[in-house]
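Chain and residue survey
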Amino acid sequence: MSYREGRFWQPDVTVATVVVDGGRLLVVEETVGGRLVINQPAGHLEPDESLVDAALRETREETGWDVRLTGFVGAYQWKAPLQPDGSSGRHYLRFAFAAVPVVHDPNRRLDEGIVRALWLTPDELQAESARHRSPLVWRTASDFLAGRRHPLDLMQHLD
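Reading the values: rules and limits
- Residues numbered from 1 in each chain as written.
- Predicted model: local features only at pLDDT ≥ 70, side-chain atom pairs only at ≥ 80, totals over all residues.
- Heavy atoms only, no water.
- Pairing = 2+ DSSP bridges.
- Helix = DSSP H or I, 4+ residues; strand = E, 2+ residues; numbered from the N terminus.
- Buried < 20%, exposed > 50% of the residue type's maximum accessible area, 1.4 Å probe, protein only.
- Core = buried A, V, L, I, M, F, W, Y, C linked by side-chain atoms within 4.5 Å.
- Contact = heavy atoms within 4.5 Å.
- Polar contact = N/O pair within 3.5 Å; in protein donor to acceptor, adjacent residues only side chain to side chain.
- Salt bridge = Lys/Arg side-chain N within 4 Å of Asp/Glu carboxyl O.

For the rest of this paragraph, the subject is the pairing of strand 6 (residues 91-104). Bridging between strand 1 (residues 12-21) and strand 6 involves 8 bridges; their strand directions are parallel. Among the inter-strand pairings, Val 18 is bridged to a residue of strand 6, identified as Ala 98. As paired elements, strand 5 (residues 65-79) and strand 6 share 13 bridges and run antiparallel to each other. By the bridge assignment for strand 6, Tyr 76 is matched with Arg 94.

Pasting the structure below:
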């Protein structure tokens, strides 16, 4: 049965932030499904939250960094592969933002599952591709590195 035939379907809406300082990218190591993976600071949009606010919140919660958003990198759609139990992979719609660091709180407790935040050069991040949480990690970073930026006012939150 398809969506048009009445089956409910809804993608996971997520945000990610490409934070750059001195040529290095802020990433997180996190435990997912028993694996230690690398991702941008990223997470799910919460009810009644704007995409911009979600990007700022997730970056703070996962890294301890407050950042200033400088642009919109892009929107990405990805379906995760089938799970070992045979269930369908989740479908993600990711909104990615560019940012610069403002202030760090080294004492902030990081989100559950986050092992640490670290700064990697683009070459170091690419070399760790086998540990990327998904193909979205490098695609988002490479689009940023290629200069892809759009004005933040593309994101409109209507109350």
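So much for the structure itself; the text now carries on.
What follows concerns unusual backbone geometry. Although it is not a glycine, Asp 48 sits at a positive phi angle of roughly 65°. On the secondary structure map, Asp 48 appears in the loop between strand 4 (42-44) and helix 1 (51-63). For Asp 48, a relative accessible area of 79% corresponds to the exposed category.

Examined against the element boundaries, Trp 138 turns out to sit in helix 3 (residues 135-145). For Trp 138, a relative accessible area of 24% corresponds to the partly exposed category. Between the C-alpha atom of Trp 138 and that of Gln 40, which follows or precedes it by 98 residues, the distance is 9.3 Å.

What follows deals with the nonpolar core. Counting residues in hydrophobic clusters, the biggest one holds 16 residues, and the most contacted among them are Val 27, Val 73, Leu 120, Leu 125 and Phe 144. Examining the composition of this core, we find that 4 residues originate from one element, helix 3, more than from any other. Excluding residues within four positions of it along the chain, Val 27 makes contact with Ile 38, Asn 39, Pro 41, Arg 116, Ala 117, Leu 118, Leu 120 and Leu 125. In this structure, Leu 26, Leu 51, Val 67 and Met 155 belong to the second largest nonpolar core, which totals 15 residues.

Note on placement: Thr 17 falls in strand 1. Taking relative accessible area as the criterion, Thr 17 reaches 0% and is therefore assigned buried. Of note is the side chain of Thr 17, whose polar atom sits 3.5 Å from the backbone oxygen of Ala 55. A distance of 3.0 Å separates a polar atom in the side chain of Thr 17 from a polar atom in the side chain of Thr 59.

Considering all chains together, one arrives at 12 salt bridges under this definition. Arg 90 is the partner of Asp 12 in a salt bridge, and the nearest nitrogen-oxygen pair spans 2.9 Å. One end of the pair, Asp 12, is in strand 1; the other, Arg 90, is in the loop between strand 5 and strand 6, and 78 residues separate them in sequence. Accessibility expressed as a relative area gives 45% for Arg 90, which makes it partly exposed. A salt bridge links Arg 131 to Glu 29; the nearest nitrogen and oxygen atoms lie 2.8 Å apart. Highlighted residues: Arg 131 in the loop between helix 2 (122-127) and helix 3 and Glu 29 in strand 2 (residues 24-32), separated in sequence by 102 residues. Look at Arg 131 and you get partly exposed, because its relative accessible area is 22%. Sharing partners across several salt bridges, the network here consists of Glu 46, Glu 49, Arg 57, Glu 58 and Glu 61.

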